[in-house]
Amino acid sequence: MPVLRSSAGGRAKRVLPGFNLTLGYALFYLCLIVLIPLSALVFKTFTLSWDQFWTAVASPRVLASYRLTFGASLIAAIVNLFGGLLVAWVLVRYNFPGKRIVDALVDLPFALPTAVAGISLTALLAGNGWVGQFLEPHGIKVAFTPAGVVIALIFIGLPFVVRTVQPVLEDTEKELEEAATSLGATRWQTFRLVILPSITPALLTGFAMAFARAIGEYGSVIFIAGNMPMISEITPLIIISKLEQYDFAGATAVALVMLLISFVMLLVINALQGWQRKRSGASS
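My aim in this report is to walk through the structure given alongside it, one point at a time. (Residues numbered from 1 in each chain as written. Predicted model: local features only at pLDDT ≥ 70, side-chain atom pairs only at ≥ 80, totals over all residues. Heavy atoms only, no water.)

1. Here we look at the pattern of salt bridges
Tallying each qualifying case throughout the model produces five salt bridges. In this structure, Asp 107 and Arg 163 form a salt bridge, with 2.9 Å as the shortest nitrogen-oxygen distance. Of the two residues, Asp 107 sits in the loop between helix H4 (99–106) and helix H5 (108–111) while Arg 163 sits in helix H8 (residues 146–171), which places them 56 residues apart along the sequence. One salt bridge connects Asp 247 with Lys 242, and the closest N-O pair in it is separated by 3.8 Å. What emerges from the salt-bridge pattern is a single network uniting Asp 103, Asp 107 and Arg 163. (Salt bridge = Lys/Arg side-chain N within 4 Å of Asp/Glu carboxyl O. Helix = DSSP H or I, 4+ residues; strand = E, 2+ residues; numbered from the N terminus.)

Written as structure tokens, this is what we have:
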């Protein structure tokens, strides 16, 4: 940490505040922004009896929304895991006309309002849309189906993987790849044994971020989903519907279940990240 020496050669003064002050501020900020709202969520749910809680979170309609929300989010995150790696690889390893434009377009889902993204995808993939009009005659219906939900979640989650993997790829040591090639390794062996282990933690981080964003996504999905109960209704819409019916305890109960499932899945992903880092450190 940077320090300043006093002119009298006495005790060093730190440029940044001390540990106690920064720790106290960090804990206060964490409690104010994260812990207090989550505590309110838990306490409001506790106003329900066990039967009321189970009815709110385990009705057939809510269970169907869980399957769609978490299933579509998982599929979208897996697609982005491979697609984001491919996009990051092209942006880092190749030079081509319009590269800066493509690089800027990756961030478009960050800047674009989610409702605009949902309307655009619906206009594109609906039965009378630019793409949908060619798909529906062949029996392929995308808009207002779970497939449309997956596409919307892929759209909003792609930048998380690309922007997480891209700097790691840029920092990979080219000398290791050249050494592997000189030893007779094929391109696939070089990628699998040299490059992939170094970028796996970043890939897992991007996957976790894309998955977490997809679970709570509402604006870009609500227009293309169709919102048909038991078919294409996402869990955030269930929560909104309960709030509109002034069922605040039921809404917080469903939200609490989503929070717990998301926390467990992110905990598993973080454990995999730690295991991968330890494995990479032991093998290096």
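Anyway, onward from the coordinates.
2. A word on unusual backbone geometry
The phi dihedral of Asn 227 is positive, around 55 degrees, even though this residue is not glycine. Within the secondary structure, Asn 227 is located in the loop between helix H11 (219–225) and helix H12 (235–244). Even without a glycine there, the phi angle at Tyr 246 is positive, about 60 degrees. Within the secondary structure, Tyr 246 is located in the loop between H12 and helix H13 (248–283). The exposure class of Tyr 246 is exposed, given its relative accessible area of 67%. (Buried < 20%, exposed > 50% of the residue type's maximum accessible area, 1.4 Å probe, protein only.)

3. A closer look at the side chain of Ser 232
Considering the arrangement of structural elements, one finds Ser 232 in the loop between H11 and H12. A polar side-chain atom of Ser 232 sits 3.3 Å from the main-chain amide nitrogen of Asn 227. In this structure, Ser 232 is in contact with Leu 68, Phe 144, Thr 145, Pro 146, Ala 225, Gly 226 and Asn 227, ignoring residues within four places of it in sequence. (Polar contact = N/O pair within 3.5 Å; in protein donor to acceptor, adjacent residues only side chain to side chain. Contact = heavy atoms within 4.5 Å.)

4. Description of the packing of aromatic side chains
For the structure on display, the rule yields five aromatic pairs. The interplanar angle of 85 degrees and the centroid separation of 5.2 Å between the aromatic rings of Phe 110 and Phe 160 together place this pair among those described as edge-to-face. In this pair, Phe 110 is assigned in helix H5 and Phe 160 in helix H8, connecting sequence segments 50 residues apart. Residue Phe 110 is classed as partly exposed on the basis of its relative accessible area, which comes to 42%. For Phe 160, a relative accessible area of 14% translates into the label buried. Ring geometry for Tyr 246 and Phe 248: centres 6.1 Å apart, planes at 80 degrees, overall edge-to-face. For Phe 248, a relative accessible area of 39% translates into the label partly exposed. An aromatic cluster is defined as three or more aromatic residues linked by ring pairs; in this entry it consists of Trp 50, Phe 53 and Trp 54. Taking NZ or CZ as reference, Arg 93 lies 4.5 Å from the ring centre of Trp 89, over its face. (Phe/Tyr/Trp six-rings, centres within 6.5 Å; stacked < 30°, edge-to-face > 60°. Lys NZ or Arg CZ within 6 Å of the ring centre and 35° of its normal.)

Purely geometric stuff here, so don't read any function into it on its own.
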